[in-house]
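Here is how the chains run, residue by residue.
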Amino acid sequence: QVQLVESGGGLVQAGGSLRLSCAASGRTFSMYTMGWFRQAPGKEREAVAAISWGGARTHYVDSVKGRFTISRDNAKNTVFLQMNSLKPGDTAVYYCAAAITAYAFGVEAAGYGYWGQGTQVTVSS
């Protein structure tokens, strides 16, 4: 059974930084794409970033390019999201997700079958 546990959310002022972590267990972590999604109140969930199984390929939503960095440590079964220059518009619940299919890269939520519990990120102006 795949389990994903996020940590690192919190309250930060605009311009600040946070680092989210997601620890995975239950299957061979290094075979699967990992993603970070977010959902703000009244808005649809959106894919923020994704990283391929070996880390060679990444994807970012346009609104976070140049500010957020996704990375992974396959030896520690952990994926990270470093968030810099945070804006109030980044306020949301952030979810870690694991792809369903090994060695497949995608950013559509339908391709992710396992989700963490979510961690709140609040950016004050």
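Within any chain, residue numbers begin from 1 and follow the written order of that chain's sequence. Local features in a predicted model are, by the rule used here, given only for residues with pLDDT of at least 70; side-chain atom pairs are given and counted only at 80 or more, and totals for whole chains, interfaces and linings are based on all residues. With hydrogens and water set aside, each side-chain value is computed from the structure's full complement of heavy atoms.

1. Notes on empty space enclosed by the protein
Inference 1: A 1.4 Å probe that fits into a set of points on a 1 Å grid over the protein atoms alone but cannot get out defines a cavity; an open set with protein on both sides within 12 Å along at least five of seven lines defines a pocket, and lining residues are those with an atom within 4 Å of a point. Grid points are joined across faces, edges and corners, and a volume is the space filled by probe spheres set on the points. Across all of its chains, the model carries one cavity of 30 Å³ or more by this definition.
Inference 2: Reported here for the largest cavity is a volume of approximately 60 Å³.

2. Looking at the environment of Ala102
Inference 1: With respect to the secondary-structure elements, Ala102 resides in the loop between β9 (92-99) and β10 (112-115).
Inference 2: Linking Ala102 and Ser52, residues 50 residues apart in sequence, is a C-alpha distance of 9.9 Å. Only DSSP runs of H or I with at least four residues qualify as helices, and only runs of E with at least two residues qualify as strands; both kinds are numbered from the N terminus onward.

3. Focus: the state of the cysteines
Inference 1: Disulfides are defined as pairs of cysteine sulfur atoms found within 2.5 Å of each other. Tallying each qualifying case throughout the model produces one disulfide.
Inference 2: Between the sulfur atoms of Cys22 and its disulfide mate Cys96 the distance is 2.1 Å. Here the S-S torsion is close to -75°, and the disulfide linking Cys22 with Cys96 is therefore left-handed. Taken together, the positions of Cys22 in strand β3 (residues 18-25) and Cys96 in strand β9 put the pair 74 residues apart, joining distant regions of the chain. Across the pair, Cys96 and Cys22 agree in class, each one buried. Partly exposed describes any residue whose relative accessible area lies between the buried limit of under 20% and the exposed limit of over 50%, with all areas from a 1.4 Å probe on protein chains only and scaled to the type maximum.

So yeah, pure geometry; function would need other evidence.
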